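Examining the three-dimensional arrangement
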Amino acid sequence: MEIIRSRRSVRKWKNQPVEKKQIESLMEAIQKAPSAVNWQPYRFIFVDDSEKRKLVSQAAGQPNVTKAPLLVVGVANPKRAPRWYLVDTVIALTQALLVAYDIGLAGVIIGAFDENKVKAALDIPEDQVVPLILALGVPDEKPRPIVRKSMEELFRLMITANQ
Ligand SMILES: Cc1cc2nc3c(=O)[nH]c(=O)nc-3n(C[C@H](O)[C@H](O)[C@H](O)COP(=O)(O)O)c2cc1C
């Protein structure tokens, strides 16, 4: 629960690479993620090359992304799971995001980008979809907690047992 309670998006990183062991943990988090019918209609590209990061950053119009030591790019195959490819990819990346915090990394989900530019930069085939990118690294900022919707606003409890 501690990670869930304290996690904030981080957009500033130390200028140091993500370690091999950390990359392996992120990969395992993704590999073990649930997906509809266990179809796993996705692939993930791990990018630390500075030129590629710059291109992705430009595609997002978000200069700070260039400085993220590691990008994890979700690539979904709509044909493999037409109803669930987006959801599955997001679940896998969310697992990786939470594991990142558990292993001393932090970052942000990037959803605003020109998909065609990202595909061109990373040689992703046209028939694939890029729903989200994770920008990760060793954090160099500690954002304060922010206000969330109240429990009353968020939940409708239809719970009768154990009250
Ligand atoms: C689907 C999605 C897309 C997002 N896209 C971006 C983005 O392009 N750039 C960015 O800086 N943050 C992006 N974020 C991060 C949100 O702004 C952030 O999660 C939200 O403001 C709540 O803050 P917190 O993550 O610190 O709790 C995105 C988050 C989600 C879930």
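Conventions and cut-offs
- Residues numbered from 1 in each chain as written.
- Predicted model: local features only at pLDDT ≥ 70, side-chain atom pairs only at ≥ 80, totals over all residues.
- Buried ≥ 20, exposed ≤ 12 C-beta atoms within 10 Å, placed from the backbone.
- Helix = DSSP H or I, 4+ residues; strand = E, 2+ residues; numbered from the N terminus.
- Pairing = 2+ DSSP bridges.
- Expected span 1.5 Å × (residues − 1).
- Arc of directions from axis to C-beta.
- Contact = placed C-beta atoms within 7 Å.
- Axes fitted to C-alpha atoms, helices over the stretch in contact; angles between N-to-C directions.

Taken across its seven residues, strand β2 (residues 70–76) has seven buried, putting it largely inside the fold. Covered by surrounding structure in β2 are Leu 70, Val 72, Gly 74 and Ala 76 together with Leu 71, Val 73 and Val 75, the residues of both alternating faces. Relative to β2, strand β1 (residues 42–47) runs antiparallel, the two being bridged by six bridges. Paired with Tyr 42 across the bridge in β2 is Ala 76.

It is worth spelling out helix α2 (residues 20–31) at this point. For α2, which comprises twelve residues, the first-to-last C-alpha distance of 16 Å matches the rise-based estimate of 16 Å (1.5 Å per residue) to within 8%. Along α2, the residues that are buried comprise Leu 26, Ala 29 and Ile 30. Each buried residue of α2 sits inside an arc of 100° when the element is viewed along its axis, so together they form one side. Looking at α2, the residues exposed on the side facing more than 90 degrees away from the buried face are Lys 20, Lys 21, Glu 24 and Gln 31. Looking at the buried side of α2, the elements it contacts are β1, β2 and α4 (85–102).

In space, the four strands of this open sheet follow the order β1-β2-β4-β3, with antiparallel pairing throughout. Edge positions in the sheet fall to β1 and β3 (106–110), since each has one partner strand and no second. Across the sheet, the mean angle from the axis of one strand to that of its neighbour is 20°, orientation sign disregarded. Note: β3 against strand β4 (residues 133–137), five bridges, orientation antiparallel. From the neighbouring strand, Gly 107 faces β4, where its bridge partner is Leu 136.

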